[in-house]
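A structural walkthrough
Residue-level listing of the chains:
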Amino acid sequence: MRYTTLDTPLGRLLLVGDGEAIRWIDLPNARRPAVIAADWRSAPDAFVEARRQFGAYFSGTLRQFDLPLDPRGTPFQRRVWSELARIPYAQTISYAELARRIGNPNASRAVGLANGRNPLSIIVPCHRVIGANGSLTGYGGGLAAKEYLLAHERRHVDRTLAPLGV
């Protein structure tokens, strides 16, 4: 495994993967912070495209990431994560709605657990899932980070976006 860090308005992100495909993103103040394994190699110049896209996202010119990803999880988790990726920029849905969208409307709790295990925060936008009453609930990077990400997206949603390559 290779890893690098990236400074963002949220603080320093840790990107982990093979240098191209990202397997895991660790947010500052994470509930389950990463422990860098002895066999991982620091690769400050890795994940070049991810760095570019994160820069564009935080500047407000990128709405959807297009990166090679390699998340590890159960088939159910991967189904939830796939549906998370379909939530439009600056929009939110409830856990119940997410359960309905994966075809299992009685699975809100299981969906919540899978959402909480999302290894690709921000790219797979689990921050866009909120409580049924509209409240901000649970986020692996802390509620302040979730609130920041949602406010950031709302602030930039109406701006004219530059093409991805700019």
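Okay, so let's go over this structure. (Residues numbered from 1 in each chain as written. Predicted model: local features only at pLDDT ≥ 70, side-chain atom pairs only at ≥ 80, totals over all residues. Heavy atoms only, no water.)

1. Quick notes on the pattern of salt bridges
Across all of its chains, the model carries 8 salt bridges by this definition. Put simply, Arg-52 and Glu-49 hold a salt bridge, and the shortest N to O gap is 2.7 Å. Separated by 3 residues within a single helix, Arg-52 and Glu-49 lie in helix α1 (residues 48-59), roughly one turn from each other. The class for Glu-49 is partly exposed, based on a relative accessible area of 33%. Between Glu-83 and Arg-86 there is a salt bridge, and its shortest N-O distance comes to 3.5 Å. Note on Arg-86: relative accessible area 51%, which makes it exposed. Residues joined in a network through salt bridges with shared partners are Arg-23, Asp-70 and Arg-72. (Salt bridge = Lys/Arg side-chain N within 4 Å of Asp/Glu carboxyl O. Helix = DSSP H or I, 4+ residues; strand = E, 2+ residues; numbered from the N terminus. Buried < 20%, exposed > 50% of the residue type's maximum accessible area, 1.4 Å probe, protein only.)

2. Notes on the nonpolar core
Within the largest apolar cluster, 40 residues are counted, with the highest numbers of intra-cluster contacts made by Phe-54, Leu-84 and Ile-122. Going through the elements one at a time, β2 (11-17), β3 (22-26), α1, α2 (75-84), α3 (95-101), α4 (108-116) and α5 (143-156) are the ones with two or more residues in this core. Per-element tally for this core: the top contributor is α1, with 5 residues. Ignoring any residue separated from it by four or fewer positions in sequence, one finds Phe-54 in contact with Leu-6, Leu-13, Leu-15, Ile-25, Phe-65, Ile-122 and Ile-123. (Core = buried A, V, L, I, M, F, W, Y, C linked by side-chain atoms within 4.5 Å. Contact = heavy atoms within 4.5 Å.)

3. Describing unusual backbone geometry
A positive phi angle, near 60°, is found at Phe-47, a position not held by glycine. Mapping Phe-47 onto the fold places it in the loop between β4 (41-42) and α1. Under the relative-accessibility criterion, Phe-47 is labelled buried at 2%. Its identity as a non-glycine residue notwithstanding, Ala-90 has a phi of 70°, on the positive side. Considering the arrangement of structural elements, one finds Ala-90 in the loop between α2 and β5 (93-94). For Ala-90, a relative accessible area of 21% gives the class partly exposed.

4. Here we look at α2
Taken residue by residue, α2 has Gln-77, Val-80, Trp-81, Glu-83 and Leu-84 as its buried positions. Projected down its long axis, α2 carries its buried residues within an arc of 160°, all on one side. Where α2 is buried, its residues contact α3, α4 and β6 (129-130). (Arc of directions from axis to C-beta.)

5. Looking at the sheet that holds β3
Strand pairing in a sheet relies on backbone hydrogen bonds. The paired strands run either parallel or antiparallel. Pairing is mixed across the open sheet formed by 4 strands, whose spatial order is β3-β2-β1-β4. Strands at the two margins of the open sheet, each flanked by one partner only, are β3 and β4. Here strand β1 (residues 2-8) runs beside β2; their pairing, made up of 7 bridges, is antiparallel. Within β2, the position partnered with Asp-7 by the bridge is Arg-12. Seen against the sheet, α1 touches β1, β2 and β3 and runs at an angle of roughly 20° to β1. (Pairing = 2+ DSSP bridges. Axes fitted to C-alpha atoms, helices over the stretch in contact; angles between N-to-C directions.)

6. Comments concerning the packing of aromatic side chains
One pass over the structure, following the stated rule, counts 7 aromatic pairs. Aromatic pair Phe-54 and Phe-65: ring centres 4.9 Å apart, planes at 55°, arrangement tilted. With a gap of 11 residues between them, Phe-54 in helix α1 and Phe-65 in the loop between α1 and α2 connect regions that are remote in the sequence. Grouping residues by exposure puts Phe-54 and Phe-65 together as buried. Taking 5.4 Å as the distance between ring centres and 35° as the angle between the ring planes, the aromatic pair formed by Tyr-57 and Phe-65 counts as tilted. Take Tyr-57: its relative accessible area is 0%, and that puts it in the buried class. By way of ring pairs, the aromatic residues Phe-54, Tyr-57, Phe-58, Phe-65 and Tyr-89 are connected into one cluster. (Phe/Tyr/Trp six-rings, centres within 6.5 Å; stacked < 30°, edge-to-face > 60°.)

So, to be careful, I would describe these as geometric facts and stop short of saying anything about function.
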